[in-house]
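Each chain, written out:
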Amino acid sequence: MTQQPFSRPGAIDLSGLGQPARPPQAGTPAGGGAAAGSSYSVVVDEKNFQGLLEQSMTAPVLLVFYSRTRMPESGQLADDLETVVGEHEGRYLLGLVDIDAAPQIAQAMQIPSIPLVVAVVDGRPMPLFQDPLPLEELRTALTQVGQQLTAQGITGRHQPRSAAPAAEGEEEVVDPRYAPAQDALAAGDIDAAVAEYQKLVDANPADAEAAGGLAMAKVMQRTQGVDLNQARAAAAESPDDVDAQTLVADLDMLGGHVEDAFTRLVNLVARTADKDREKARDHLLGLFAAVGNDDPRVLAGRRNLASALF
């Protein structure tokens, strides 16, 4: 589907848009701005934009840029994101940015096209996707993002927009199940984090966030202290060395380059045989589990793996 470009006269200084966060007035949703259709979403305007970004220091904020007049599919994406974010009950706060109603925000963020979904964590924006994904794919995508965040110790949650904001100095709300693993990650003790996630998975194998956290923590464990440039150089020099290739695949996963990791290992499976092939295949299956078996990239990776094996 063709994306609609967002024409902009030039970048606008983002700091010029934001105003200091103001206490919400009576009857106004916490965080300011017009209320949206979910307890965890807010319509973004110039007055509440900076305050919304500041809330990413507590828990992740998602921004969806859309226009119902220029691209109706982008409006449907915004609606579906409201639904999915609401299902996560505070894991994310969704900011709805209608580029027709708030063009300066889109210009300040230098939005190249719509739709665009951006995650903001600790004040840092990171593009997630630019396509109007179907509802089930959105659910898979946000579940995976949540798993990766949990693995990195980011487990804070937002309060519903109808609830009073936390008092100044009050600790952020976290899911107590993940607190030991989060504490271990914060202390740099990856081995302890793996052990804590393993306890959660052993107690409840259906806990998707714990399983994802365990898988990603193991990736962090395997890559701890690894020099990225040296690892890539070693893999380039020895294309059939399973240990060298799987290490770079782990580094790709940790950096969010999921498809690159899958492609590297599928190609490795195709080139190797016997024990080396089995080792590469098993490692790839572990990465599939980390991402989630329903993820479209995993489904594509499984098809590619089947072709490589036969």
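First things first, this report covers the structure right here in the doc. Residue positions within a chain follow its written sequence, with the count starting from 1. Where local features are concerned, this predicted model is filtered to residues with pLDDT of at least 70; where side-chain atom pairs are given and counted, the filter is 80 or more; whole-chain, interface and lining totals use all residues. By convention in this description, side-chain values take in all heavy atoms of the structure and omit both hydrogens and water.

Structural notes on the overall build of the protein chain
Helices and strands together make up the secondary structure of the protein chain, namely 12 helices and nine strands. Whether a residue is buried, partly exposed or exposed follows from its accessible area with a 1.4 Å probe, protein chains only, as a fraction of its type maximum: under 20%, in between, or over 50%, in that order. By the burial criterion, 45% of the 310 residues in the protein chain qualify as buried. Only heavy atoms enter the contact rule, under which two residues are in contact if any of them lie within 4.5 Å. Excluding contacts between residues fewer than 6 apart, the proportion of contacts in the protein chain whose partners are at least 24 apart in sequence is 68%. Surface exposure here means Shrake-Rupley accessible area, sampled with a 1.4 Å probe, where a residue is shielded only by the protein chains that are shown. Accessible surface, the protein chain as shown: approximately 15000 Å² in total, 50% of it carbon and sulfur. Helix and strand labels come from DSSP, where a helix needs a run of H or I of at least four residues and a strand needs a run of E of at least two; each type is numbered from the N terminus.

Brief notes about unusual backbone geometry
At the junction of I114 and P115, the peptide bond is cis and its omega measures out at -5° in the coordinates. Structurally, the position occupied by P115 is in the loop between β5 (113–114) and β6 (116–121). A positive phi angle, close to 50°, is found at E89, a residue other than glycine. Relative to the helices and strands, E89 resides in the loop between α2 (72–87) and β4 (93–98). The exposed category is assigned to E89, whose relative accessible area is 55%.

Some points on the side chain of D250
Along the chain, the position of D250 falls in helix α9 (residues 242–254). Definition of a polar contact: a pair of N or O atoms within 3.5 Å, with one able to donate and the other able to accept a hydrogen when the atoms are protein atoms, and with sequence-neighbouring residues admitted only if both atoms are side-chain atoms. Of the polar contacts made by the side chain of D250, one reaches the side chain of R222; its length is 2.6 Å. Residue contacts for D250: discarding those within four places in its chain leaves V219, R222, T223, H283 and L287.

Observations concerning the pairing of strand β7 (residues 124–129)
As paired elements, β6 and β7 share five bridges and run antiparallel to each other. Bridging across to β7, V121 finds its partner in R124. Count of turn residues in the β6/β7 antiparallel hairpin: two residues, of which D122 carries a positive phi of about 55°. Strand pairing is defined by DSSP finding a minimum of two bridges between the two strands.

Here's the deal with the sheet that holds β7
One open sheet holds the five strands; their spatial order is β2-β4-β3-β6-β7, and the pairing between them is mixed. For this open sheet the edge positions go to β2 (41–43) and β7, each flanked by a neighbour on one side alone. In this sheet, adjacent strand axes meet at a mean angle of 25° when their direction is disregarded. Two strands pair when backbone bridges link them, and strand β3 (residues 61–66) and β6 are joined in this way by five bridges, in the antiparallel orientation. Within β6, the position partnered with V61 by the bridge is V120. Structural elements are reduced to axes, namely lines fitted to C-alpha atoms, with helices fitted over the stretch in contact, and the angle between N-to-C directions of any two is expressed from 0 to 180 degrees. Packed onto the sheet, α2 meets β2, β3, β4, β6 and β7 and runs at close to 160° relative to β3.

Quick word on the environment of G188
Structurally, G188 can be placed in the loop between α5 (179–186) and α6 (190–203). Under the relative-accessibility criterion, G188 is labelled partly exposed at 42%. The spacing of G188 and Q224 is 36 residues in sequence and 9.9 Å in space, taken between C-alpha atoms.

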